[in-house]
Amino acid sequence: MEYTGGSKDRELEQMEWLTSIRKAIDYMETHLEEDITAQDVADQVFMSPFFFQKAFSLLTGYGIGEYIRSRRLHQAAIDLRETDDKVIDIALRYCYETPESFSKAFSRFHGASPSQVRDGAAGKSFLPLTITISIQGGNRMDYKITPMPAFKVIGFQRLFDTETAYQEIPKFWNEVSGKYMKALWEGKSPANPAEQAVMDNCIGEYGISIDDAGGGKFRYLIAGKYKGGDVPEGMTVHEFPRNDWAVFDCRGPLPGALQSVNTRIFKEWIPGNPDYEVAAYASVEWYDGPGDTSAPDYHSAVWIPVRKKQA
C-alpha cells in the first residue's frame, strides 16, 4: 500500500494538524508567565503529551520545554532593557524560583548576564515560531496495514520524561545490553534467570514506547515477544490487544535511518493520511537482530497502532 500526496483530503488533514501546532504555540505564548508543562500544552489540542512532544520536536526542531524556556528568556531580556523592574521580579515573572537560577539560565542562553544586558549588551533573540504549510505533490510513503492478534511482550521497563527521553533512552539501552546481553552475544550460556529470559524471548528485538503514565512521562520497554514462563525480577510483561498496525519498513544504518522514518511518519503520514489515524498512544521499533546496526542495509521498522477513520 502506498500513501500518495497531492489530494485535497491530504491538504485538509495537514491543515488541521498544523492548526493544532499553531494553537499550541499560541497557548504557550499567552502563558509564558505561568508554570505550564508539556501536559498542559498537549491538553489544549487533545493529544497525548508523548505524541505531541514528538510531533512538535520533529516539526519545529525544539522540545516543548526548550521552546518555553527560550521564549521566557527572550522576553526577560526585553523586560530588562525596557523596564526598571528588579531582577528578582523578572525572575519570578518567568517562573524561576531564585535570582541565582534565573541569572545562570539567562547567562547561558544570552552569553551575557542580566546586568550586562540591562546596561546595553546584546542578547540572543528568540521570536515566536511561525508555522507554514507546504503541499508537494508526487511524494509517497510506503507502508502496510497489518492486522495483529493480541500479543504479549516481556522486557526491562523504565519511566522517562518526554522532555529528556531522546538523551536518556540510549543510556538505558547501553545499561541493559551491557548487563544482560553482551555475554550472550559473545556465545556464553545464560548465567541467571534474567539472561535466560533475554535469550528465550529475544529481548532487544523491540523498543516500545507506551504513553499511559501521565504527568508528561511515558513507559519505555526494551522487550521481546513473551513466550511464557517465569518473569524474572526486574522485568515486566505488557499485552497489546488485537489491533491493526501501520508497519513502516526501514533499511539503513541506525539511528539515522529510523529517525528519518519517524520524522516522515509525524510530518507526513499522521497529519496527511485520509484513511487511518492513531488508535493508541504507543509505538514499537523493531530491530532485525543485534547484527551490524551501522550497515547500509540493516533492517528495522516502526509499528504504529491505527484504526480506520470514520466517515
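Residues numbered from 1 in each chain as written. Predicted model: local features only at pLDDT ≥ 70, side-chain atom pairs only at ≥ 80, totals over all residues. Heavy atoms only, no water.

Caption draft 1: View of the overall build of the protein. On a plain count of helices and strands, the protein comes out with 10 helices and 11 strands. Summarising its shape, the C-alpha atoms of the protein cover approximately 70 × 55 × 35 Å along the three principal directions. Restricting to contacts in the protein with at least 6 residues of sequence separation, those with at least 24 account for 72%. Across the protein, the centroid of the 34 positively charged side chains sits 2 Å from that of the 44 negatively charged ones. (Helix = DSSP H or I, 4+ residues; strand = E, 2+ residues; numbered from the N terminus. Contact = heavy atoms within 4.5 Å. Lys, Arg positive; Asp, Glu negative; His and termini not counted. Charge placed at Lys NZ, Arg CZ, Asp CG, Glu CD.)

Caption draft 2: Region of interest: helix α3 (residues 49-60). Helix length check: α3 (12 residues) gives 16 Å between terminal C-alpha atoms against 16 Å at 1.5 Å per residue, within 8%. Listed in full, the buried residues belonging to α3 are Pro 49, Phe 50, Phe 51, Phe 52, Gln 53, Lys 54, Ala 55, Phe 56, Ser 57 and Thr 60. Gly 61 lies just past α3 and shows a positive phi near 85 degrees. (Expected span 1.5 Å × (residues − 1). Buried < 20%, exposed > 50% of the residue type's maximum accessible area, 1.4 Å probe, protein only.)

Caption draft 3: Representation of the environment of Pro 253 within the structure. Tracing the backbone shows Pro 253 in the loop between β8 (243-251) and α10 (256-272). Using a relative accessible area of 37% as the deciding quantity, one classes Pro 253 as partly exposed. Between the C-alpha atom of Pro 253 and that of Pro 296, which follows or precedes it by 43 residues, the distance is 5.2 Å.

Caption draft 4: Layout of unusual backbone geometry. Residues Leu 254 and Pro 255 are joined by a peptide bond in cis, for which omega reads 5 degrees. Positionally, Pro 255 belongs in the loop between β8 and α10. Although it is not a glycine, Phe 46 sits at a positive phi angle of roughly 55 degrees. In this structure, Phe 46 sits in the loop between α2 (38-44) and α3. For Phe 46, a relative accessible area of 71% gives the class exposed.

Caption draft 5: Structural context of the packing of helix α8 (residues 165-185) against helix α9 (residues 193-201). Packing of α8 against α9 brings their axes to within 9 Å, and their N-to-C directions diverge by 60 degrees. The hand of the α8/α9 crossing is right-handed. Contacts between α8 and α9 involve Lys 179, Tyr 180, Met 181, Ala 183 and Leu 184 from the former and Ala 194, Glu 195, Val 198 and Met 199 from the latter. A breakdown of the residues in the contact of α8 with α9 according to their chemical character gives seven nonpolar, no polar and two charged. (Axes fitted to C-alpha atoms, helices over the stretch in contact; angles between N-to-C directions. Left-handed = near helix turned anticlockwise from the far one by under 90°. Nonpolar A, V, L, I, M, F, W, Y, C, P; charged D, E, K, R; others polar.)

Caption draft 6: Quick peek at the packing of helix α4 (residues 64-82) against helix α6 (residues 99-110). Between α4 and α6, the least distance of the axes is 10 Å, while the angle of their chain directions is 95 degrees. As far as their axial angle goes, α6 and α4 are roughly perpendicular. Packed against α4, whose contacting residues are Ser 70, Leu 73, His 74, Ala 76, Ala 77 and Leu 80, the element α6 presents Phe 102, Ala 105, Phe 106, Phe 109 and His 110 at the interface. A breakdown of the residues in the contact of α4 with α6 according to their chemical character gives eight nonpolar, three polar and no charged. (Parallel < 35°, antiparallel > 145°, perpendicular 65-115°, else oblique.)

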